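# Understanding the architecture of this molecule
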Amino acid sequence: MLKNINPISRTIAWDQPRAAYLHIPFCRRRCYYCDFPVAVVGDHARGENSGAIAQYVEVLCQEIEFTGLDTTVSTQPLETIFFGGGTPSLLSVAQLDRILQTLEHRFGMTADAEISIEIDPGTFDLPQIQGYRSAGVNRVSLGVQAFQPELLTLCGRTHSVTDIYAAVELIHQAGILNFSLDLISGLPHQTLEHWQASLEAAIALAPKHLSCYDLIVEPVTAFGRQYQPGDQPLPSDTAAADMYRLAQKLLSAAGYDHYEVSNYGQPGFQCRHNHVYWRNQPFYGFGMGAASYLEGQRFTRPRKTREYYEWVETQKLSISNTPASSLPSSFIPPPSSFQDLLLDTLMLGFRLAEGLSLVELAQQFGKPSLDKVCHCLQLHYEQGWVEVVGVKWEAITQLPSEALPPTARIKLTDPEGFLFSNQVLADLFAELE
Ligand code: SF4
């Protein structure tokens, strides 16, 4: 066990965030697997036609404007911005532009900032996607999920397979080169053949990036009420593992780097914004239910609209986007510890194919902590789920930290280590906590 942990505030100079996440919590309907904080607005509400969306944009911009005004620390220009949801493509061009201009005014933006937006098939037309591009959006992520009509219906998705192809055509017509497709494996009644067909259809559309998520049945969702994890018609654990291996095989053969547990990109097209999360770097979160990571502390905003609006009102009076005294206590986590930071760093870094630098781990957490981590992972190393590059496994614990090669890294193997990453992390947490 790691004993006598130190408050990290004594040892770490926190960087100012260069990334911002905007939560746009409106959806036409709620998909049966989704437990995100969203408000259902029906098939016709969008942009300025919806009073709810218009009000939300106002409050969101107020939150941005008041963020960090209490501090004398200068902010850094944003390098990545991500509109997630919800269905951000329910925003009008003017609303999206207003939010971007508010961010620009408050923090600034680098000239090459990555500006991503999640969009759903059937929720936008050509003028809209062209307008997003003119406003600065340079990356879109399309929520496809599956290419089988029966699976889309079964998930409660509002779009058809035809809508998927029409959406990709609009993305091309708008001249947005950098687009990603989202797919889900492990759906009820989904077979390996379905999954292969979806992967092949996605590859044929030549996206620059693909996210392949394995379904997690959350208890509070329609699926959670209907299905027990592991029971039919959900695929068995073995079938779900086969789907994971198949994605790795087909997408790698098609030229995609499997750079993160669930993400694949053509060279040069990894998602820069998500790297901020996986490298445990700070970021702003804005909007209902959004999380921030600032000065070593994570906190999540209220997940209900009215509570979020009340919370923003309190921020105007005091401090915003920091763990302020005015925050309801339920939203403030305990201060992070050295141990929390180590576990977070491992949990996030092991998601990446590049893994973690041994030298950086030793510098940040001390060589004894690194040795302890290696000791905990010995069995997984022998199983072939963990590997090191640039140094022999046995040498890590024998060498002093200054003798570790700068290129030495520890990582999970692909696909087996990634596939069992939850087990590796659970074992690490059990040992280190
Ligand atoms: S569109 Fe996305 S955020 Fe909205 S309900 Fe479906 S899965 Fe959830």
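The structure this text deals with has already been given above.
What you see as residue numbers is a count from 1 along each chain, following the sequence as written. Since the coordinates come from a predicted model, pLDDT governs what is reported: local features require at least 70, and pairs of side-chain atoms require 80 or more to be given and counted, while whole-chain, interface and lining totals use all residues. Side-chain calculation: all heavy atoms of the structure are included, whereas hydrogens and water are not.

## Digging into the overall build of the chain
Segments assigned H or I by DSSP are reported as helices when at least four residues long, segments assigned E as strands when at least two residues long, and all are numbered from the N terminus. When you go through the chain residue by residue, the secondary structure sums to 17 helices and 16 strands. Seen through its C-alpha atoms, the chain measures out along the principal axes to roughly 65 × 55 × 40 Å. Throughout this description, buried means an accessible area under 20% of the type-specific maximum (1.4 Å probe, protein chains only), exposed means over 50%, and partly exposed covers the range between. Considering the chain as a whole, with its 433 residues, one finds that 53% of them fall into the buried category. Counting contacts in the chain only where the partners sit at least 6 residues apart, residues at least 24 apart contribute 72% of the total. Using the Shrake-Rupley algorithm and a 1.4 Å probe, accessible areas are obtained, with residue cover drawn only from the displayed protein chains. Accessible surface, the chain: about 18900 Å² in total, of which carbon and sulfur atoms supply 52%. Computed over 30 positive and 47 negative side-chain charges, the inter-centroid distance for the chain is 3 Å. In this description, contact between two residues means that some pair of their heavy atoms is separated by no more than 4.5 Å. Charge counting treats Lys and Arg as positive and Asp and Glu as negative, with His and both chain ends excluded. Here the site of a charge means NZ on Lys, CZ on Arg, CG on Asp, or CD on Glu.

## Considering the pattern of salt bridges
Any carboxyl oxygen of Asp or Glu that lies within 4 Å of a side-chain nitrogen of Lys or Arg is treated as forming a salt bridge with it. Tallied over the full model, the rule gives 13 salt bridges. Measuring nitrogen to oxygen at the nearest pair gives 2.6 Å for the salt bridge that ties Glu 63 to Arg 301. With Glu 63 in helix H1 (residues 51-66) and Arg 301 in the loop between strand S13 (297-300) and helix H10 (305-317), the pair connects residues that are 238 residues apart, well separated along the chain. Neither Glu 63 nor Arg 301 differs from the other in exposure class; each is buried.

## Some points on the pairing of S13
Across the two faces of S13 the burial differs, with Gln 297 and Phe 299 buried and Arg 298 and Thr 300 not buried at all. Where strand S12 (residues 291-294) and S13 come together, four bridges link them in antiparallel fashion. Note on S13: the bridge partner recorded for Leu 294 is Gln 297. In this analysis, strands are considered paired if DSSP registers two or more bridges between them.

## Side note on the site of the ligand
Cys 27, Cys 31, Cys 34, Gly 86 and Asp 120 are the nearest of the 13 residues found near the ligand. Here the nonpolar group is Ala, Val, Leu, Ile, Met, Phe, Trp, Tyr, Cys and Pro; Asp, Glu, Lys and Arg are the charged ones; every other residue, Gly included, is treated as polar. Split into classes, the residues belonging to the shell around the ligand amount to six nonpolar, three polar and four charged. Residues are labelled near a given molecule or strand when at least one of their non-hydrogen atoms is within 4 Å of it.

## Notes on the layout of surface pockets
Buried and open spaces are told apart on a 1 Å grid over the protein atoms alone, a cavity being a set of points where a 1.4 Å probe fits but cannot get out and a pocket being an open set with protein on both sides within 12 Å along at least five of seven lines. Residues with an atom within 4 Å of a point are the lining residues. Grid points are joined across faces, edges and corners, and a volume is the space filled by probe spheres set on the points. The volume enclosed by the second largest pocket comes to roughly 690 Å³. Looking at the second largest pocket, it is lined by 28 residues, and the ones nearest its centre are Arg 279, Asn 280, Gln 281, Glu 360 and Gln 364. Among the elements of the structure, strand S4 (78-85), helix H9 (272-278), helix H11 (338-349), strand S14 (356-357) and helix H12 (358-365) are those that each provide at least two residues to the lining of the second largest pocket.

## A word on the sheet that holds strand S7 (residues 179-185)
One open sheet holds the nine strands; their spatial order is S9-S10-S8-S7-S6-S5-S4-S1-S11, and the pairing between them is mixed. What marks the edges here is a single partner per strand, and that holds for strand S9 (257-260) and strand S11 (284-286). Sheet twist, expressed as the mean angle between neighbouring strand axes with direction ignored, is 20°. Inspection of the sheet shows S9 paired to strand S10 (residues 263-265) by three bridges, in the antiparallel sense. Residue Asp 257 lies in a different strand from S10, and its bridge partner there is Gly 265. Interaxial angle, 0 to 180 degrees, is taken between N-to-C directions of lines fitted to C-alpha atoms, where a helix line uses only the stretch in contact. On top of the sheet, H1 reaches strand S1 (19-24) and S11; it is set at about 155° to S1, its chief contact.

## What about empty space enclosed by the protein?
Inspection of the entire model under this criterion finds one cavity of 30 Å³ or more. When its volume is computed, the largest cavity comes out at roughly 30 Å³. The wall of the largest cavity is formed by Leu 342, Leu 361, Phe 365, Gly 366, Ser 369, Leu 370 and Val 373. For the lining of the largest cavity, the secondary-structure elements that each account for two or more residues are H12 and helix H13 (367-376). It is H13 that provides the largest number of residues to the lining of the largest cavity, a total of three residues. Here the lining of the largest cavity is composed, by residue class, of five nonpolar, two polar and no charged.

## What to know about the packing of H12 against H13
It is at 6 Å that the axes of H12 and H13 come closest, and there the two elements cross at 125°. In terms of orientation, H12 lies oblique with respect to H13. Judged by residue contacts, Leu 358, Leu 361, Ala 362 and Phe 365 of H12 engage Lys 367, Ser 369 and Leu 370 from H13. Across the contact of H12 with H13, the residue classes break down as five nonpolar, one polar and one charged. The scheme is simple: roughly parallel for angles under 35 degrees, roughly antiparallel for over 145, roughly perpendicular for 65 to 115, oblique for anything else.

## So, H11
To estimate how far a helix should reach, multiply one less than its number of residues by 1.5 Å. Counted at 1.5 Å a residue, the expected span for H11 with its twelve residues is 16 Å, and the 16 Å between its end C-alpha atoms agrees. Among the twelve residues that make up H11, nine are buried, leaving the element largely enclosed by the rest of the structure. Residues of H11 that are buried include every one of Phe 338, Gln 339, Leu 341, Leu 342, Leu 343, Thr 345, Leu 346, Leu 348 and Gly 349, and no others.

## Considerations on the nonpolar core
Remark: nonpolar core denotes a set of buried residues (Ala, Val, Leu, Ile, Met, Phe, Trp, Tyr, Cys) joined through side-chain atoms within 4.5 Å. In this structure, Phe 83, Ile 99 and Leu 103 are the most contacted members of the largest nonpolar core, which totals 71 residues. Among the elements that take part in this core, H1 stands out by supplying seven residues, more than any other. Excluding its chain neighbours within four sequence positions, the residues that come into contact with Leu 103 are Ala 20, Leu 22, Ile 64, Leu 78, Ile 81, Gly 108, Met 109 and Phe 286. Residues Tyr 244, Phe 283, Leu 346 and Val 373 belong to the second largest nonpolar core, which totals 39 residues.

## Things to note about the packing of H1 against H10
Relative to each other, H1 and H10 sit at 30°, their axes nearing to 10 Å. Taken as axis vectors, H1 and H10 run roughly parallel relative to one another. Relative to H10, H1 is oriented so that their crossing is left-handed. Facing H1, whose interface residues are Ala 52, Gln 55, Tyr 56, Val 59, Leu 60, Gln 62, Glu 63 and Phe 66, H10 presents Tyr 308, Tyr 309, Trp 311, Val 312, Glu 313 and Lys 316. The residue inventory of the contact of H1 with H10, partitioned by class, reads nine nonpolar, two polar and three charged. In this scheme, a crossing is called left-handed if the near helix is turned counterclockwise away from the far one by less than a right angle; it is called right-handed if the turn is clockwise.

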